[in-house]
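Read off the chains here:
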Amino acid sequence: MKDGKALHGGNKQPVNSTAIYTLLILLSFYIGYFYAADDNNNRPDSQLPTTTTTATAAAMTLPAELDNFRASPNCAANPLPTRQIRQTLIDRVYGGTSPFHDFPPPHVAGSLRHKSLKGWGSTTPVFRHLIEEVRPEVIIEVGTFLGASTVHMAKLARELGLDDTVILCIDDFRGWAGFREEFPFIKQVNGDVMLLYQFMQNAVYTNVTGSVLPLPFSAGSTLSVLCEWGVTADLIEIDAGHEFTSIWSDLNRAYRLLRPGGVMFGHDYFMVGDRRSVRRAVHLFAQMYGHTVQIDGQHWVLRTS
């Protein structure tokens with residue numbers, strides 16, 4: 001009695017269960033499609049999606065959902081006094097001794113150039129414009145590489161009489177996979193590239209070690225810890241990763257360190273790679289916090305005042 005013939009009279013073929021499931025799935029799809037179309041027809045015109053509505057504009061109509069993208073930091077209740085920031089970081093990161101003390105160590109001395117300040121847009125007018133405007137006591141640079149913009153900012157600050165300005169350079173100093181094809185002079189030992197050491201050598205050669213401090217860790221973790229320690233800044237440059245998720249993370253974490261009236265800025269606003277990720281992230285961030293994106297050469301600028 002278990003076979004189909006005994007149960008159904010012997011002449012019918014067994015039912016194909018796969019075909020039935022396929023038909024049910026197709027039926028469900030079409031029911032859902034016509035239900036959604038009917039639902040759209042019943043909406044007010046102001047609620048209907050249009051081809052001219054961008055993803056950013058649509059997101060701004062959903063404040064509750066957009067709030068999910070805001071950072072909720074665990075930051076210090078009181079900021080560190082400006083004059084304590086450099087020494088606090090030397091104490092907590094380097095055990096109380098400046099990383100420039102007795103530099104370079106003997107095992108890397110032969111692998112370094114006296115100076116190599118290769119950069120991209122590292123000496124454009126935006127740096128002078130913003131340092132003259134903000135007159136920063138603390139600058140945070142997210143993405144340093146060989147330090148071309150670092151050295152330029154340090155020299156500008158000194159030229160403008162800002163002798164106590166501190167520049168905190170956040171970079172893991174690992175470069176990117178394959179970067180030595182473009183920069184073969186950066187040596188490596190067992191896969192450990194000498195990028196941090198060359199940056200430090202550049203700072204020594206240009207005599208800016210008194211105002212520059214490298215923080216050789218990932219941007220995300222470092223910005224979060226600085227917030228916990230009460231570090232704040234007047235001017236923050238964002239120029240590390242350029243894919244959307246990377247710059248979005250850097251923007252949100254760095255913003256928590258920005259003092260009232262401070263300025264954030266960054267390079268590659270017009271870069272078409274990564275689907276203009278820099279531009280999309282900056283504009284979405286600006287809309288979320290009610291700021292206006294301004295352009296200075298190849299750089300974007302967000303003023304909070």
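Residues numbered from 1 in each chain as written. Predicted model: local features only at pLDDT ≥ 70, side-chain atom pairs only at ≥ 80, totals over all residues. Heavy atoms only, no water.

A.B. asks: So what's going on with the overall build of the protein chain? Which residues, and what values?
C.D. replies: The secondary structure content of the protein chain amounts to 12 helices and 9 strands. The proportion of buried residues among the 305 residues of the protein chain is 39%. Look at the contacts in the protein chain between residues 6 or more apart in sequence, and 78% of them connect residues 24 or more apart. Counting only carbon and sulfur atoms, one obtains 54% of the accessible surface of the protein chain, whose full area is about 17200 Å². (Helix = DSSP H or I, 4+ residues; strand = E, 2+ residues; numbered from the N terminus. Buried < 20%, exposed > 50% of the residue type's maximum accessible area, 1.4 Å probe, protein only. Contact = heavy atoms within 4.5 Å. Areas by Shrake-Rupley, 256 points an atom, 1.4 Å probe, with all protein chains shown as cover.)

A.B. asks: Now, about unusual backbone geometry: what can you tell me, with residues and values included?
C.D. replies: For the peptide bond that leads from Phe103 to Pro104, omega is 0 degrees, which places it in the cis range. Within the element layout of this structure, Pro104 appears in the loop between helix H5 (82–94) and helix H6 (106–109). Unusually for a residue other than glycine, Phe145 sits at a positive phi of about 55 degrees. The topology assignment puts Phe145 in the loop between strand S1 (138–142) and helix H8 (148–159). For Phe145, a relative accessible area of 9% corresponds to the buried category. Here Phe173, not a glycine, exhibits a phi torsion of approximately 55 degrees, which is positive. You can call Phe173 buried: its relative accessible area is 3%.

A.B. asks: Lay out the pattern of salt bridges in plain terms, naming residues and giving numbers.
C.D. replies: Applying the stated criterion across every chain yields a total of 7 salt bridges. Asp164 is the partner of Arg83 in a salt bridge, and the nearest nitrogen-oxygen pair spans 3.4 Å. Of this pair, Arg83 sits in helix H5 while Asp164 is found in the loop between H8 and strand S2 (166–170), placing the two residues 81 residues apart along the sequence. Assessed through its relative accessible area of 54%, Asp164 is described here as exposed. (Salt bridge = Lys/Arg side-chain N within 4 Å of Asp/Glu carboxyl O.)

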